[in-house]
Amino acid sequence: LLSSPTVIQDAPSGDGERLLSLIWKNRYGAKPYQDSLCVAYAEYVMSRAGIEGRMTRCICAIVKTISDRANDSEIDLSAILRDSGYAEDYVRASFKRVTGKTPTEFLTELRIKHACYLIDIYGGTIPLSEIARECGYNDYVYFSKKFKRFMGLSPERYRNS
């Protein structure tokens, strides 16, 4: 993995030290929990050393799957997370740690950015309800609420601006 010794520093938040503390405190605890803590620490050290770990590759695969299916109104984020082979809550937390967003926030951002692109390209030539459907929203009112929350203005106002 590395061709020479590498010095790494703990994150300013002290995450590495906290993980080591948890490992020490739970050294006599349940083996599966100990294993999970050790894997998390190994992933942490690898990420600090710039080595891509299994979880990072897993998150990249999930990002690709969500991106490829973002316009699918039937997308099931929970199923995608479960299919990763990790516990859904664990992979959800890891997704947020790696991307800075929850899977739902990530999907919403993709959809709304695509909606902005379509509005910019087509202007008033196609109805906003059709743009909503093209972006994976079957319910225009829900799409409009999500759009306004993300963009700060309604799709109608965005189109007219």
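As the structure is a prediction and not an experimental result, all values here were calculated from the model.

**Structural notes on the overall build of the chain**
Helix and strand counts for the chain stand at nine helices and zero strands. Against the compact-globule benchmark of 15 Å for 161 residues, the chain has a radius of gyration of 21 Å, which places it well outside the compact range. Referenced to the eigenvectors of the C-alpha coordinate spread, the extents of the chain come out at roughly 65 × 30 × 25 Å. Of all 161 residues assigned to the chain, the portion counted as buried reaches 32%. Relative to all contacts within the chain whose residues are 6 or more apart in sequence, the contacts with residues 24 or more apart total 55%. A total of about 10,300 Å² of accessible surface is found on the chain, and carbon and sulfur atoms cover 54% of it. Taking the 23 positively charged and 20 negatively charged side chains of the chain as two groups, their mean positions are separated by 4 Å.

**A short note on the state of the cysteines**
Taken as a whole, this structure holds zero disulfides when the rule is applied. Between C116, a free cysteine, and C135, which holds the nearest cysteine sulfur, the sulfur-to-sulfur gap is 8.7 Å.

**Focus on the layout of surface pockets**
As a volume, the largest pocket reaches approximately 470 Å³. Taken together, 18 residues line the largest pocket, and the ones lying closest to its centre are L19, A40, Y90, S94 and R97. Residue assignment for the lining of the largest pocket shows that the elements contributing at least two residues are α1 (15-25), α2 (31-48), α3 (54-68) and α5 (88-99). With eight residues, the single largest contributor to the lining of the largest pocket is α2. Class assignment for the residues of the lining of the largest pocket results in 10 nonpolar, three polar and five charged.

**Some points on the pattern of salt bridges**
If you walk through the whole model with that rule in mind, you get eight salt bridges. A salt bridge links R18 to D15, with the shortest nitrogen-to-oxygen separation between them at 3.2 Å. Linking R18 with D15, this pair stays in helix α1, spanning three residues, or about one helical turn. The partly exposed category is assigned to R18, whose relative accessible area is 47%.

Conventions and cut-offs
Residues numbered from 1 in each chain as written. Predicted model: local features only at pLDDT ≥ 70, side-chain atom pairs only at ≥ 80, totals over all residues. Heavy atoms only, no water. Helix = DSSP H or I, 4+ residues; strand = E, 2+ residues; numbered from the N terminus. Rg over C-alpha atoms; globule rule 2.2 N^0.38 Å. Buried < 20%, exposed > 50% of the residue type's maximum accessible area, 1.4 Å probe, protein only. Contact = heavy atoms within 4.5 Å. Areas by Shrake-Rupley, 256 points an atom, 1.4 Å probe, with all protein chains shown as cover. Lys, Arg positive; Asp, Glu negative; His and termini not counted. Charge placed at Lys NZ, Arg CZ, Asp CG, Glu CD. Disulfide = S-S within 2.5 Å. 1 Å grid on protein atoms, 1.4 Å probe; cavity = no way out; pocket = protein on both sides within 12 Å on 5 of 7 lines; lining within 4 Å. Points joined across faces, edges and corners; volume = space filled by probe spheres on them. Nonpolar A, V, L, I, M, F, W, Y, C, P; charged D, E, K, R; others polar. Salt bridge = Lys/Arg side-chain N within 4 Å of Asp/Glu carboxyl O.

None of the figures reported here should be taken as evidence of function without further support.
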